[in-house]
Amino acid sequence: MADRYRPKPAATRAREGNPSKTEIKEGVIVPRAILAEPDWRDVFKDSPTVETQEANIRCREVASAEWRRIVPILEVAAGLGEVDHTAVMDLCVCVARIDQAERDLSTRGLMVTAERGTVKNGAATIAAQYRSQLARYIRELGLSPSARVAISPPESGDDSDIWD
């Protein structure tokens, strides 16, 4: 289902027709860039406690793996620019935090014992909030099949055929 509040890309409007004959705005052209992977130690800092340190090391690994998985694809498909660095980094942090919350849920369970008795594990709420944010990043960056339909690839500078 299309998002009626989000404007369609100019190429999509032109391709589907423009019955209202309103001006089709091209939008902002962002200079393409090759994004450098952030130092995950700045995000997931070292900790004096062993348990937190192990979790942060795992988060660094998961975030780094996600960065290496999606950035090469997005650089070609979406034409990432330097302004997209923070959004992609936040997406990787979301993935790492979801992994951390899911590991806690697997270890301690959905229900935990607290001072007031048995309660829902807070990691379940945290995972849900990060998943909600991740869904926004996926939609914005065109990382799902339906989101890829809504974006148009950047114009190529050369006229060579990719199949040559």
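Parameters and conventions
- Residues numbered from 1 in each chain as written.
- Predicted model: local features only at pLDDT ≥ 70, side-chain atom pairs only at ≥ 80, totals over all residues.
- Heavy atoms only, no water.
- Salt bridge = Lys/Arg side-chain N within 4 Å of Asp/Glu carboxyl O.
- Helix = DSSP H or I, 4+ residues; strand = E, 2+ residues; numbered from the N terminus.
- Buried < 20%, exposed > 50% of the residue type's maximum accessible area, 1.4 Å probe, protein only.
- Expected span 1.5 Å × (residues − 1).
- Arc of directions from axis to C-beta.
- Polar contact = N/O pair within 3.5 Å; in protein donor to acceptor, adjacent residues only side chain to side chain.
- Contact = heavy atoms within 4.5 Å.
- Pairing = 2+ DSSP bridges.
- Axes fitted to C-alpha atoms, helices over the stretch in contact; angles between N-to-C directions.
- Parallel < 35°, antiparallel > 145°, perpendicular 65-115°, else oblique.
- Left-handed = near helix turned anticlockwise from the far one by under 90°.
- Core = buried A, V, L, I, M, F, W, Y, C linked by side-chain atoms within 4.5 Å.

Student: I'd like a description of the pattern of salt bridges, backed by residues and values.
Tutor: Taken as a whole, this structure holds six salt bridges when the rule is applied. The shortest N-O distance in the salt bridge between Asp-46 and Arg-41 comes to 3.5 Å. For Arg-108, the salt bridge identified is with Asp-104, shortest N-O distance 3.0 Å. Taken together, the positions of Arg-108 and Asp-104, both in helix α4 (residues 85–108) and four residues apart, correspond to about one turn of that helix. You can call Arg-108 partly exposed: its relative accessible area is 47%. Sharing partners across several salt bridges, the network here consists of Arg-41, Asp-46 and Arg-60.

Student: Describe helix α5 (residues 122–141), and please don't skip the residues or the numbers.
Tutor: An ideal rise of 1.5 Å per residue puts 28 Å on 20 residues; α5 measures up with 29 Å between its terminal C-alpha atoms. The set of residues buried in α5 consists of Ala-123, Ala-124, Ala-127, Leu-134, Tyr-137 and Leu-141. Projection of α5 onto a plane perpendicular to its axis shows the buried side chains occupying an angular sector of 135 degrees, all on one side. Put simply, Asn-121 is the residue that caps the front of α5, since its side-chain oxygen is 2.9 Å from the backbone nitrogen of Ala-123. Two residues or fewer past α5, Gly-142 is found with a positive phi of approximately 75 degrees.

Student: If you had to explain the side chain of Glu-75 to someone new, which residues and values would you point to?
Tutor: Considering the arrangement of structural elements, one finds Glu-75 in helix α3 (residues 50–77). For Glu-75, the side chain forms a polar contact with the main-chain nitrogen of Leu-35, separated by 3.0 Å. If sequence neighbours within four positions are ignored, Glu-75 has contacts with Arg-32, Ala-33, Ile-34, Leu-35 and Leu-80.

Student: Now, about the pairing of strand β1 (residues 111–114): what can you tell me, with residues and values included?
Tutor: Here β1 pairs with strand β2 (residues 117–120) via four bridges, running antiparallel. Across the sheet, the residue bridging to Val-112 is Val-119, located in β2. Count of turn residues in the β1/β2 antiparallel hairpin: two residues.

Student: Got a sec to walk through the packing of α3 against α4? Specific residues and values, please.
Tutor: Angle between the axes and distance between the axes are the two parameters that describe a pair of packed helices. Contact geometry for α3 and α4: axes closest at 8 Å, N-to-C directions at 135 degrees. Considered as vectors, α3 and α4 are oriented oblique to each other. For the pair α3 and α4, the crossing hand works out as right-handed. Across the interface between the two elements, Ala-55, Asn-56, Arg-58, Cys-59, Val-62, Ala-63, Glu-66, Trp-67, Ile-70, Val-71 and Leu-74 from α3 touch His-85, Val-88, Met-89, Leu-91, Cys-92, Val-95, Ala-96, Arg-97, Asp-99, Gln-100 and Arg-103 from α4.

Student: So what's going on with the nonpolar core? Residues and values would help.
Tutor: Judged by nonpolar contacts, the single largest core of 22 residues is most densely connected at Trp-40, Phe-44, Trp-67, Ile-70, Val-88, Leu-91 and Cys-92. The set of elements that each furnish at least two residues to this core consists of α3, α4 and α5. The residues touching Phe-44, leaving out its near neighbours within four places in the chain, are Asn-56, Cys-59, Arg-60, Ala-63, Val-93, Ala-96 and Arg-97. Judged by nonpolar contacts, the second largest core, of five residues, contains Ala-101, Leu-105, Ala-124 and Ala-127.

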